[in-house]
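One-letter residues, chain by chain:
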Amino acid sequence: MHVNLMPDASSEASSLLWLNKEEQARCRQYPLPGPRRRFALCRAALRSILCHELGCGNERLSFGLSDYGKPFALVDEESAPISFNLSHSAKHGLIALVPHGRLGVDVEERVPRRDFDEMSEAVFGPHEQSALARVRGRDRVRLFFRLWTIKEALVKALGLGFTLDVSQFEVPQALHQGRTGMFRFPQLPEVRWRVEYIGNENFSAAIAHELLPSQLGDRSLQRQNGNVSEKQGVCQ
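Residues numbered from 1 in each chain as written. Predicted model: local features only at pLDDT ≥ 70, side-chain atom pairs only at ≥ 80, totals over all residues. Heavy atoms only, no water.

Caption draft 1: The packing of helix H2 (residues 21-29) against helix H3 (residues 33-54), seen in detail. In contact at an axis separation of 8 Å, H2 and H3 are set at 155 degrees when each is read in the N-to-C sense. Relative to H3, the element H2 is oriented roughly antiparallel. For H2 against H3, the interelement crossing comes out right-handed. On H3, the residues that touch Glu23, Arg26, Cys27 and Arg28 of H2 are Arg36, Phe39, Ala40, Arg43 and Arg47. Here the contact of H2 with H3 is composed, by residue class, of three nonpolar, no polar and six charged. (Axes fitted to C-alpha atoms, helices over the stretch in contact; angles between N-to-C directions. Helix = DSSP H or I, 4+ residues; strand = E, 2+ residues; numbered from the N terminus. Parallel < 35°, antiparallel > 145°, perpendicular 65-115°, else oblique. Left-handed = near helix turned anticlockwise from the far one by under 90°. Contact = heavy atoms within 4.5 Å. Nonpolar A, V, L, I, M, F, W, Y, C, P; charged D, E, K, R; others polar.)

Caption draft 2: Local environment of helix H6 (residues 137-158). If you check H6, its first and last C-alpha atoms are 32 Å apart, about what 22 residues at 1.5 Å a residue would give, namely 32 Å. H6 sits mainly inside the fold: 16 of its 22 residues count as buried. Just downstream of H6, Gly159 is the residue with a positive phi angle, here 80 degrees. (Expected span 1.5 Å × (residues − 1). Buried < 20%, exposed > 50% of the residue type's maximum accessible area, 1.4 Å probe, protein only.)

Caption draft 3: Layout of the layout of surface pockets. Empty space within the largest pocket amounts to approximately 1,100 Å³. Mapped by element, the contributors of at least two residues to the lining of the largest pocket are H2, H3, strand E2 (61-65), strand E5 (83-89), strand E7 (103-109) and H6. Element by element, the count of residues in the lining of the largest pocket is highest for H3, at seven residues. Its residues assigned to classes, the lining of the largest pocket shows 16 nonpolar, nine polar and 11 charged. (1 Å grid on protein atoms, 1.4 Å probe; cavity = no way out; pocket = protein on both sides within 12 Å on 5 of 7 lines; lining within 4 Å. Points joined across faces, edges and corners; volume = space filled by probe spheres on them.)

Here's what the structure looks like:
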């Protein structure tokens, strides 16, 4: 689900009501209004969605953290049977959830960067760098952010934080242009991931979801995250 993070006093005030005391205190610690707004709107939207999916009141919902800092949902202090992930960039927030399996999502506002070459050397493998060298202008910007968001979604799904060197694996060629594909980490070949690029004219975005053994025989692999929809402020 897409969350509109543009300034809106009414949405921001409503979002704060969804946050618990700890989250409200964390929100106040952000020195700038932009990060405060993005945290409040994204966390409130996440709470609303999870409460709906889990059938619980907001006061029963809390969050824990994995060893590498990835959050997970708790209901009455017990781990909830759901996987979720969120990302935000500028005025765009994105939330994804599935009932099982590890999940990662990333969204990036598509803006030109002066450090494209430096970034490319740091995060992309040789074939990815070659692909970027063959395109120019807007096409280069689009491909850069497509590859970046796919990699970020995969890293977030794996849940190892910054311990993974993203230049050590490459996005499959099929995903340089296509919308969906399969992926295996070189160091974890027994696990397959379904990757979906869901960017549009306004942003680049990708979702990576761990496939369970029962799903590997289903060639249809229907979308499990639904469509990305526009939402102003907190989800209803």
